[in-house]
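Geometric and topological summary
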Amino acid sequence: MLTAEDKKLIQQTWGKLGGAEEEIGAEALLRMFCSYPPTKTYFPHFDLSQGSDQIRGHGKKVVAALGNAIKNLDNLSQALSELSNLHAYNLRVDPPCFSLQFLSQCLQVVLATRLGKEYTPEVHSAVDKFMAAVAAVLAEKYR
Amino acid sequence: MVNWTAEEKQLISSIWAKVNVEECGAEALARLLIVYPWTQRFFDNFGNLSSPTAIVGNPKVRAHGKKVLTSFGDAIKNLDNLKGTYSKLSELHCDKLHVDPENFRLLGDILVIVLAAHFGKDFTPACQATWQKLVGLVAHALARKYH
């Protein structure tokens, strides 16, 4: 459950990214494809090499969605409702892929490499909880 | 039989050479207890775990973190025999400590994040992939003797 303090930390952390959101999204995806090769099975139609336009484009989308969720932390269900439908009915990404948090892990690694010491245990905890909450909403309509 | 390429071995040893085992171990364990508070169930006799500050400053947490990561160092010296290296520890975690192996995966992921925060850009995607593979295999070796 996201506390008020968690929400504050998440928003502050997102605020520190200084316009690098697109790069961060692309890098998180690239790391996910490197560390967890099975995740590539959802992108047979993509060029998955480093620097690929498709990864950049998709990373930008993912980060925009997360940014929107961060603006609506009090109502994640509603903010992510369409994405929830998309993932459940069209994309049908294996739900454990969400709960195993491959993307969460890789996004956190990217944040940690950029924020260093500022990625404190408290920030780490808040971001981890946030990503788990997002995953839960996206998996809500699977069945 | 696990296969390690020369590149993977290099990525592991070059990072490990720069790791302060005591600091890194303490930090990883503290974060486990902070980010996944239910893991505190295994450390009832550790004293004050009431807040992130208390956990980070707790001397028993630091000491145990150092122990855990030192053992990790043994794995790195024996990359071709992780199962053998962790056989006794696996039995211990099952029979005496009663730790759900899921916790090994959580700690492994946290260790990767701690390394990322420490090494910044040097913790490249290839580096992360190698270390995710390593922590996954360590977790697997530790779970192997469960029954």
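Residues numbered from 1 in each chain as written. Chains lettered and ligands numbered in written order. Predicted model: local features only at pLDDT ≥ 70, side-chain atom pairs only at ≥ 80, totals over all residues. Heavy atoms only, no water.

As annotated in an unreviewed UniProt entry, chain B carries the name Hemoglobin subunit beta and comes from Bombycilla garrulus. Its UniProt record gives chain B the following Subunit (unreviewed entry) comment, quoted word for word: "Heterotetramer of two alpha chains and two beta chains." (UniProt positions renumbered as here; feature names shortened; annotations may be inferred.)

In the nomenclature of an unreviewed UniProt entry, chain A corresponds to HBAD protein from the organism Bombycilla garrulus. Regarding chain A, the UniProt comment filed under Subunit (unreviewed entry) reads as follows: "Heterotetramer of two alpha-D chains and two beta chains." What UniProt records for chain A under Sequence similarities (unreviewed entry) is the sentence "Belongs to the globin family."

1. Details of the overall build of chain A
For chain A, the count of helices and strands is eight helices and zero strands. Taken from the N to the C terminus, the helices and strands of chain A come in the order α-α-α-α-α-α-α-α. Rg of the C-alpha trace for chain A: 14 Å, near the compact-globule value of 15 Å for 143 residues, within the 12% margin. Across its three principal directions, the C-alpha atoms of chain A cover 40 × 35 × 25 Å. With 143 residues in all, chain A has 48% of them scored as buried. Counting only contacts in chain A whose residues sit at least 6 apart along the sequence, the fraction spanning at least 24 positions is 75%. Roughly 7,300 Å² of accessible area belongs to chain A as shown, and the carbon and sulfur atoms make up 54% of that amount. Positive and negative side-chain charges in chain A, numbering 15 and 15 respectively, have mean positions lying 2 Å apart. (Helix = DSSP H or I, 4+ residues; strand = E, 2+ residues; numbered from the N terminus. Rg over C-alpha atoms; globule rule 2.2 N^0.38 Å. Buried < 20%, exposed > 50% of the residue type's maximum accessible area, 1.4 Å probe, protein only. Contact = heavy atoms within 4.5 Å. Areas by Shrake-Rupley, 256 points an atom, 1.4 Å probe, with all protein chains shown as cover. Lys, Arg positive; Asp, Glu negative; His and termini not counted. Charge placed at Lys NZ, Arg CZ, Asp CG, Glu CD.)

2. What to know about the overall build of chain B
The number of helices and strands found in chain B is seven helices and zero strands. Each helix and strand of chain B, placed in order from N terminus to C terminus, yields the pattern α-α-α-α-α-α-α. In terms of C-alpha radius of gyration, chain B reaches 15 Å, essentially the compact-globule figure of 15 Å for 147 residues. Considered along the principal axes of its C-alpha atoms, chain B spans approximately 45 × 40 × 20 Å. When burial is assessed residue by residue, chain B has 49% of its 147 residues classed as buried. Of the contacts formed within chain B by residues at least 6 apart in sequence, a portion of 72% connects residues at least 24 apart. Split by element, the accessible area of chain B, about 7,400 Å² in all, is 56% carbon and sulfur. Computed over 17 positive and 14 negative side-chain charges, the inter-centroid distance for chain B is 3 Å.

3. Considering the packing of helix α3 (residues 53–71) of chain A against helix α8 (residues 121–139) of chain A
Residues and elements named next belong to chain A. Orientation of α3 relative to α8, taken along the N-to-C sense of each, is 105°, at an axis distance of 12 Å. Classified by the interaxial angle, the pair formed by α3 and α8 is roughly perpendicular. Residues L66, A69 and I70 of α3 touch α8, and the partners they reach there are F130, M131 and V134. Residues that form the contact of α3 with α8 fall into these classes: six nonpolar, no polar and no charged. (Axes fitted to C-alpha atoms, helices over the stretch in contact; angles between N-to-C directions. Parallel < 35°, antiparallel > 145°, perpendicular 65-115°, else oblique. Nonpolar A, V, L, I, M, F, W, Y, C, P; charged D, E, K, R; others polar.)

4. Side note on the side chain of D128 of chain A
Mapping D128 of chain A onto the fold places it in helix α8. Buried within the structure, D128 of chain A lacks any salt-bridge partner; its nearest side chain of opposite charge belongs to R105 of chain B, at an N-O separation of 8.6 Å. Those residues in contact with D128 of chain A that sit more than four places away from it in its chain are Q101, S104 and Q108 of chain A together with V35 and Y36 of chain B. (Salt bridge = Lys/Arg side-chain N within 4 Å of Asp/Glu carboxyl O.)

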